[in-house]
Amino acid sequence: MDWDDAYANAPYIPSAEAYPPRWAAEAAAFRARARGQTGQSYGPHPRQGFDLFLPEAEPSGLVVFVHGGYWMKFDRSLWSHLAAGAVARGWAVAMPSYRLAPEVAIPDITADIRAAVEAIASRVPGGPLVLAGHSAGGHLVARMLCGDTAPGASADRIARVVPISPVSDLRPLLSTQMAGPLHLDAATAAAESPALMTPRADVPVHVWVGGDERPVFVDQARWLAEAWPGAALTVDEGRHHFDVIEGLTRPDSPLTGALLDGL
């Protein structure tokens, strides 16, 4: 099996090259009209920062969304518009950036998200905390439910985790060219795989994946849902890896509901 091809999304998405500039434009437009603070720091590295978007009234709670990019690319500036759905429902939404491989390894990135969640939660101290992330970000938010990376005092506020198209078992990536820049070896891949870990039992998890995604991403989502007792799994038919997140822009979408309904 060609594992590099199996984990390649863009070659199988029509007009894939149009998505990043569109994301950037939509994100910039949202920031231009949104309430909140951008460019907030949670650490000394230039990438250890976050943007916080606020509703008109006192927030009902806090959503932290972690972006993807195989731990090697992108930053928070492309995804601001994904806060729109939750903000419209009265929630604060924060989006952190993090250090990228190959400058650092995946355990360092996991530590960045832990630090980001702690810092962001202190800025919005009231209400429940929901963690959501896409692709590599789905991996990172799932890791926050594993005992070795629980984000300090704010861990008790986590009310739901929604990994979207997550990479839950990193071991297949050892057979890809990404293994080198990600500094992956067998031990690290196993130690950073949520599907191989026991999560906190008291936090609901809803795994979400597009029905038109590459088969390995549907597998990765299923592996996590099957490994974690009680986790829900939604296969969003007709959605691929790049548009599966678009529901977050709308307050009434099923995906935004998966984050917030009942909280």
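Each value, and the rule that gives it
Residues numbered from 1 in each chain as written. Predicted model: local features only at pLDDT ≥ 70, side-chain atom pairs only at ≥ 80, totals over all residues. Heavy atoms only, no water. Helix = DSSP H or I, 4+ residues; strand = E, 2+ residues; numbered from the N terminus. Rg over C-alpha atoms; globule rule 2.2 N^0.38 Å. Buried < 20%, exposed > 50% of the residue type's maximum accessible area, 1.4 Å probe, protein only. Contact = heavy atoms within 4.5 Å. Areas by Shrake-Rupley, 256 points an atom, 1.4 Å probe, with all protein chains shown as cover. Lys, Arg positive; Asp, Glu negative; His and termini not counted. Charge placed at Lys NZ, Arg CZ, Asp CG, Glu CD. UniProt positions renumbered as here; feature names shortened; annotations may be inferred. Phe/Tyr/Trp six-rings, centres within 6.5 Å; stacked < 30°, edge-to-face > 60°. 1 Å grid on protein atoms, 1.4 Å probe; cavity = no way out; pocket = protein on both sides within 12 Å on 5 of 7 lines; lining within 4 Å. Points joined across faces, edges and corners; volume = space filled by probe spheres on them. Nonpolar A, V, L, I, M, F, W, Y, C, P; charged D, E, K, R; others polar. Core = buried A, V, L, I, M, F, W, Y, C linked by side-chain atoms within 4.5 Å. Salt bridge = Lys/Arg side-chain N within 4 Å of Asp/Glu carboxyl O. Polar contact = N/O pair within 3.5 Å; in protein donor to acceptor, adjacent residues only side chain to side chain.

A. Structural view of the overall build of the protein. Broken down by element type, the protein carries eight helices and eight strands. On C-alpha atoms alone, the protein measures out to a radius of gyration of 17 Å, which is about the 18 Å that the 2.2 N^0.38 rule sets for 263 residues. Principal axes of the C-alpha set define a box for the protein whose edges measure 50 × 40 × 35 Å. With 263 residues in all, the protein has 56% of them scored as buried. Across the protein, the fraction of contacts at a sequence separation of at least 24, relative to all contacts at a separation of at least 6, is 77%. Looking at the protein as shown, the accessible area adds up to about 10100 Å², and 53% of this sits on carbon and sulfur atoms. Across the protein, the 20 positively charged side chains and the 29 negatively charged ones have centroids separated by 6 Å.

B. Here's a closer look at the environment of Gln177. Locating Gln177 in the fold gives a position in the loop between strand 6 (158-164) and helix 6 (186-191). What makes Gln177 exposed here is its relative accessible area of 66%. When the C-alpha positions of Gln177 and Glu226 are compared, they lie 28 Å apart, and in sequence the two are 49 residues distant.

C. Main features of the UniProt feature "domain: Alpha/beta hydrolase fold-3" (unreviewed entry) in the protein. In the numbering adopted here, UniProt assigns the feature "domain: Alpha/beta hydrolase fold-3" (unreviewed entry) to residues 63-178. Helix makes up 27% of residues 63-178 and strand 19%, whereas the separation of the span's terminal C-alpha atoms amounts to 30 Å.

D. Structural detail: the environment of Asp156. Assignment of secondary structure puts Asp156 in the loop between helix 5 (136-143) and strand 6. Since its relative accessible area comes to 69%, Asp156 is described here as exposed. Separated by 28 residues in sequence, Asp156 and Pro128 place their C-alpha atoms 9.1 Å apart.

E. Seen up close, the packing of aromatic side chains. Tallied over the entire structure, the rule returns eleven aromatic pairs. With centroids separated by 5.6 Å and ring planes inclined at 65 degrees, the aromatic side chains of Tyr19 and Phe242 adopt a geometry described as edge-to-face. Of this pair, Tyr19 sits in helix 2 (residues 19-33) while Phe242 is found in the loop between strand 8 (232-236) and helix 8 (254-260), placing the two residues 223 residues apart along the sequence. As far as burial versus exposure is concerned, Tyr19 and Phe242 are alike and both buried. Ring centres 5.4 Å apart and planes at 70 degrees place the aromatic pair Trp23 and Phe242 in the edge-to-face group.

F. Focus on empty space enclosed by the protein. Applying the stated criterion to the full structure yields one cavity of 30 Å³ or more. The computed volume of the largest cavity comes to approximately 50 Å³. Around the largest cavity sit Val63, Phe65, Leu82, Ala86, Val93, Ala132, Leu248, Thr256 and Leu259, which together line it. For the lining of the largest cavity, a count of residues per class yields eight nonpolar, one polar and no charged.

G. Here's a closer look at the nonpolar core. Of all hydrophobic cores here, the largest spans 55 residues; its most connected members are Leu62, Val64, Trp71, Leu131 and Leu173. Of the residues forming this core, the biggest block, six residues, is contributed by helix 4 (residues 106-123). Ignoring anything within four residues of it in the chain, the contact list for Trp71 reads Tyr98, Leu100, Ala101, Ile106, Ile109, Ala136, His139, Leu140, Val167, Leu170, Leu173 and Leu182. One finds Trp23, Ala84, Ala132 and Leu255 within the second-largest nonpolar core, a separate group that totals 31 residues.

H. Structural context of the layout of surface pockets. Size it by volume and the largest pocket reaches roughly 330 Å³. Considering the residues around the largest pocket, the lining is formed by 19 residues, among which Asn9, Tyr70, Lys73, Phe74 and Phe242 are closest to the centre. When its residues are assigned to classes, the lining of the largest pocket shows eleven nonpolar, six polar and two charged.

I. Structural view of the side chain of Arg47. Structurally, Arg47 is set in the loop between strand 1 (35-41) and strand 2 (49-54). Despite its burial, Arg47 pairs with no opposite charge, the nearest such side chain being Asp75 at 4.4 Å. Here the side chain of Arg47 touches Tyr98 through a polar contact of 2.6 Å, landing on its backbone oxygen. Dropping the residues within four chain positions of it, Arg47 is found in contact with Tyr42, His67, Phe74, Asp75, Ser97, Tyr98, Arg99 and Leu100.

J. The arrangement of the pattern of salt bridges in detail. Under the defined criterion, the tally for this structure stands at 14 salt bridges. In this structure, the salt-bridge partner of Arg22 is Glu26, at a minimum N-O distance of 3.8 Å. Of this pair, Arg22 and Glu26 both sit in helix 2, four residues apart, which is roughly one turn of the helix. By relative accessible area, which is 36% here, Glu26 ends up partly exposed.

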